[in-house]
Amino acid sequence: MLNRLLEIFEWKKIRVIFKYAVYMLLVMLLQSLLFSRVSILGAKGFVIPAAAVAAGLYLGGVRGAVFGIFLGLFTDMALSETTVLFTLLFPIIGFGAGFASEFYINKSFFAFMIFSMTAILLCGIVQMLHAMVTGTTEVVPAVLTVLLQTVLSIPPTALIYLPFKQGAVLNR
């Protein structure tokens with residue numbers, strides 16, 4: 001019975017899932033331990049969307065969306081400001097990056113950085129609209145915060161690229 005049960009599992013796929021779960025955990029730790037503590041003019045870096053972009057680029061649209069769902073769930077659990085915002089947004093980012101990499105863009109560092117910057121800006125705009133709807137902010141400070149958050153997030157986003165690329169190459 002135990003042998004039959006062990007034959008059902010594809011251990012290579014389980015190992016790959018475990019690697020990406022560890023990667024997701026490290027990105028979440030990097031965000032919560034480092035970037036949530038550093039604030040410049042009220043804005044903090046936000047690198048988690050870059051992980052959804054990396055998943056989409058190197059795993060494809062569907063797997064990028066699945067990775068984005070789990071990343072969004074954990075991000076929404078970690079942040080007190082949102083409930084389902086990132087659970088809905090990160091799968092779209094992961095799928096969009098995967099779709100674009102399959103048909104329109106290459107999987108280079110430059111494409112990753114441009115797509116990550118766009119994803120971080122999109123997340124900031126959605127957060128801004130959420131804050132404006134709830135009445136907790138005004139337009140000009142919110143726009144400045146979104147732009148500053150995007151600029152602050154660009155340099156550390158490069159840290160996300162190489163581990164995911166190396167992991168994706170090893171799993172082929």
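Residues numbered from 1 in each chain as written. Predicted model: local features only at pLDDT ≥ 70, side-chain atom pairs only at ≥ 80, totals over all residues. Heavy atoms only, no water.

Within the structure shown, the criterion is met by 5 aromatic pairs. Between F99 and F103, the aromatic rings sit 5.0 Å apart at their centres with planes inclined by 50 degrees, giving tilted as the arrangement. You can see F99 and its partner F103 sitting in helix 5 (residues 85–103), 4 residues apart, about one turn around the helix. The exposure class assigned to F99 is partly exposed, which follows from its relative accessible area of 37%. By relative accessible area, F103 is classed as exposed at 55%. Through successive ring pairs, a cluster of aromatic residues spans F95, F99, F103 and Y104. (Phe/Tyr/Trp six-rings, centres within 6.5 Å; stacked < 30°, edge-to-face > 60°. Helix = DSSP H or I, 4+ residues; strand = E, 2+ residues; numbered from the N terminus. Buried < 20%, exposed > 50% of the residue type's maximum accessible area, 1.4 Å probe, protein only.)

Of note, A51 is situated in helix 3 (residues 48–59). On the accessibility criterion, A51 (1% relative accessible area) is buried. For A51 and T157, which are 106 residues apart along the polypeptide, the C-alpha to C-alpha distance reads 8.7 Å. Among residues more than four places away in sequence, those in contact with A51 are Y23, V27, F67, L71 and I160. (Contact = heavy atoms within 4.5 Å.)

Turning our eyes to something else, we now look at the nonpolar core. Residues F67, L71, F90, I93, F112 and I160 are the most contacted members of the largest nonpolar core, which totals 31 residues. Contributions of two or more residues to this core are made by helix 2 (11–35), helix 3, helix 4 (61–78), helix 5, helix 6 (109–134) and helix 7 (139–170). For this core, the element with the most residues is helix 3, which contributes 9 residues. Ignoring sequence-local partners within four residues, the contact set of F112 consists of A50, V53, A54, L57, T157, I160 and Y161. (Core = buried A, V, L, I, M, F, W, Y, C linked by side-chain atoms within 4.5 Å.)

Another aspect to go through is the packing of helix 3 against helix 5. Between helix 3 and helix 5, the shortest axis-to-axis distance is 7 Å and the interhelical angle comes to 40 degrees. Judged by the inter-axis angle, helix 3 sits oblique to helix 5. Crossing geometry of helix 3 relative to helix 5 is assigned as right-handed. Listed contacts from helix 5 to I48, P49, A52, V53, G56 and L57 of helix 3 are F90, I93, G94, A97, G98 and S101. In terms of residue class, the contact of helix 3 with helix 5 is made up of 8 nonpolar, 4 polar and no charged. (Axes fitted to C-alpha atoms, helices over the stretch in contact; angles between N-to-C directions. Parallel < 35°, antiparallel > 145°, perpendicular 65-115°, else oblique. Left-handed = near helix turned anticlockwise from the far one by under 90°. Nonpolar A, V, L, I, M, F, W, Y, C, P; charged D, E, K, R; others polar.)

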